[in-house]
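Reading the structure
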Amino acid sequence: MWCSRLLSYPLSQGQSSSSRARAALAQLNHVLEAELESIRGAGTWKSERIITSKQGPYIHVEGSRGGILNFCANNYLGLSSHPEVIRSGLEALEKFGAGLSSVRFICGTQTIHKNLEEKIARFHQREDAILYASCFDANAGIFEALLTPEDAVLSDELNHASIIDGIRLCKANKYRYKHMDMQDLEAKLQDAQKHRLRLVATDGAFSMDGDIAPLKEICSLAQKYQALVFIDECHATGFLGPNGRGTDELLGVMDQVAIVNSTLGKALGGAAGGYTTGPKTLIDLLRQRSRPYLFSNSLPPAVVGCASKALDLLMESNAIAQSMVAKTRQFRSKMAAAGFRISGNDHPICPVMLGEARLASMMADDLLEKGNGEGTKGAEMTPLL
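Residues numbered from 1 in each chain as written. Predicted model: local features only at pLDDT ≥ 70, side-chain atom pairs only at ≥ 80, totals over all residues. Heavy atoms only, no water.

1. Some details on the packing of aromatic side chains
- Under the criterion given, the structure shown has 4 aromatic pairs.
- Between the aromatic rings of F71 and F331, the centroid separation amounts to 5.1 Å while the plane-to-plane angle is 35°, which identifies the pairing as tilted. Within this pair, whereas F71 is found in the loop between strand 2 (68–70) and helix 3 (83–96), its partner F331 is found in helix 14 (residues 319–337), the two being separated by 260 residues in sequence.
- Ring centres 6.1 Å apart and planes at 70° place the aromatic pair Y132 and Y293 in the edge-to-face group. (Phe/Tyr/Trp six-rings, centres within 6.5 Å; stacked < 30°, edge-to-face > 60°. Helix = DSSP H or I, 4+ residues; strand = E, 2+ residues; numbered from the N terminus.)

Structure representation (structure tokens):
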């Protein structure tokens, strides 16, 4: 405490600008070290494991011998290393270059960007779509552009951080309803009737627990109270529903969900990028007013090429999307039989609930360590969680 107070004292007028800068930096380092130490003490320090191979079901990790069985990526369909996806990315790189060096509305739109947006809209059976650098950007860009102080947004309390941040940026009246609690949502909708537009925002599939939003009930309430429904489909697009179109297809409410935001950085090639798809009037407005779209460079052609091919593969056949169902059930049943508690319900996100963050981190380290050392039995199948 004494050091912190000492560092916060103003410096004398006689000190040089460089010494003042060094003192300010020393104070910053002191504050940050204390914060970092608190993270270490809580057992929640995140260490990045360095992958030395392509992303895939089996990977190689720096410092470990042999292959590691990878359970922690969002590469749901294995398309990150699919030969056709890679080939399409290489062709786009060769034909359209490394990048546009510009934002879309100045000189950063190519035919492949427009073609991918059309393909996304067709896949989701919506009128139009708009690309972003990430779905985080899509969520940051939609609420501020769409909603005014005359409107209201009703958000599930466990929505993804990007939805929460996006809602914070807008000036609409904000309601937060209890997680998947339809009685609480109805009460909030009743209170929100005084506002012009009412938008219910929810994850389609919640990324931490693998819960699937009760979209039938949400859409029913939305119709009752003349509200719109927005869903974030990052953990659904490509593999939930008969054709992998997401939770709205899975639950039979595609015609009742107004707006879908999702990502190209998980099941659809795994590189980067996000999008909004919905009514053409909304997409037109986002092109005019959505700040992350207006002030971010266009998606690199290679990323666009990979994602476009991933969508082609999904629309040619639903076999890839359906392959997840049996794998998910097998993993969940085998883990439960082994005595583990698995959260969620029939979603490929299968949280193994150990009850303590520090214990989960230690278990992940131990599983990775199991692959170290020459001759370790099962080293080619060591799971990385």
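Anyway, onward from the coordinates.
2. As for the sheet that holds strand 7 (residues 228–232)
- Here we have 7 strands laid out as an open sheet, ordered 3-9-8-7-6-4-5, and mixed in their pairing. Looking along the sheet, the strands with just one partner apiece sit at the ends: strand 3 (128–132) and strand 5 (173–177). Neighbouring strand axes in the sheet, compared pairwise and without regard to direction, differ in orientation by 20° on average.
- Sheet topology note: the strand 3/strand 9 (residues 274–278) ladder contains 5 bridges and is antiparallel. Along strand 9, the bridge assignment pairs Y132 with G274.
- Its contacts with the sheet put helix 8 (residues 182–191) on strand 4 (152–156), strand 5 and strand 6 (198–203), and the angle it makes with strand 5 is roughly 160°. (Pairing = 2+ DSSP bridges. Axes fitted to C-alpha atoms, helices over the stretch in contact; angles between N-to-C directions. Contact = heavy atoms within 4.5 Å.)

3. Overview of the pairing of strand 3
- Among the 5 residues that make up strand 3, 5 are buried, leaving the element largely enclosed by the rest of the structure.
- Both faces of strand 3 are covered, namely the face carrying D128, I130 and Y132 and the face carrying A129 and L131. (Buried < 20%, exposed > 50% of the residue type's maximum accessible area, 1.4 Å probe, protein only.)

4. Quick word on the state of the cysteines
- Enumeration according to the criterion identifies 0 disulfides in this entry.
- Not part of a disulfide, C72 finds its nearest cysteine sulfur in C350, a span of 13 Å.
- Exposure remark for C72: the relative accessible area of 42% places this residue in the partly exposed category.
- For C306, which is in no disulfide, the shortest distance to another cysteine sulfur is to C234 and amounts to 18 Å. (Disulfide = S-S within 2.5 Å.)

5. Structural notes on the confidence of the model for the protein chain
- In this model, the protein chain carries an average pLDDT of 91, and 92% of its residues clear a pLDDT of 70 or more.
- Predicted confidence for residues 1–7 stays below pLDDT 50, and this span has 5 contacts to residues more than four positions away or in other chains.
- Low pLDDT, under 50, characterises residues 372–385; the predicted model gives this stretch 43 contacts beyond four residues in sequence or across chains. (pLDDT = per-residue confidence, 0-100.)

6. Comments concerning the pattern of salt bridges
- Using the criterion set out here, one finds 15 salt bridges in the structure.
- Between K224 and E186 there is a salt bridge whose closest N-O contact spans 2.8 Å. Taken together, the residues K224 in helix 9 (residues 215–224) and E186 in helix 8 connect sequence positions 38 residues apart.
- Look at K224 and you get exposed, because its relative accessible area is 56%.
- Because the salt bridges share partners, they merge into one network encompassing R104, K114, E117 and R287. (Salt bridge = Lys/Arg side-chain N within 4 Å of Asp/Glu carboxyl O.)

7. Examining the nonpolar core
- If you look at the biggest cluster of nonpolar residues, it comprises 30 residues, and the most contacted ones within it are L77, L116, I120, L131, F239, L264 and L268.
- Secondary-structure elements contributing two or more residues to this core are helix 5 (111–124), strand 3 and helix 13 (301–316).
- Apart from the residues within four sequence positions on either side, L77 is in contact with G238, F239, A267, L314, I320, A321 and M324.
- Listed in part, the 23 residues of the second largest apolar core include A213, C219, A227 and V257. (Core = buried A, V, L, I, M, F, W, Y, C linked by side-chain atoms within 4.5 Å.)

8. Observations concerning the packing of helix 8 against helix 9
- Where helix 8 meets helix 9, the axes come as close as 11 Å, and the angle between the chain directions of the two elements is 20°. By the angle class used here, helix 8 and helix 9 are roughly parallel. The handedness of the crossing between helix 8 and helix 9 comes out as right-handed. Within the contact between the two elements, helix 8 uses M182, L185, E186 and L189 and helix 9 uses E217, I218, L221 and K224.
- The class makeup of the residues in the contact of helix 8 with helix 9 is 5 nonpolar, no polar and 3 charged. (Parallel < 35°, antiparallel > 145°, perpendicular 65-115°, else oblique. Left-handed = near helix turned anticlockwise from the far one by under 90°. Nonpolar A, V, L, I, M, F, W, Y, C, P; charged D, E, K, R; others polar.)

9. Topic: the layout of surface pockets
- Within this model, the second largest pocket holds a volume of roughly 230 Å³.
- Considering the residues around the second largest pocket, the lining is formed by 14 residues, among which F239, L240, L250, V325 and D346 are closest to the centre.
- Tallying contributions element by element places helix 14 first for the lining of the second largest pocket, with 5 residues.
- Classifying every residue of the lining of the second largest pocket gives 8 nonpolar, 4 polar and 2 charged. (1 Å grid on protein atoms, 1.4 Å probe; cavity = no way out; pocket = protein on both sides within 12 Å on 5 of 7 lines; lining within 4 Å. Points joined across faces, edges and corners; volume = space filled by probe spheres on them.)

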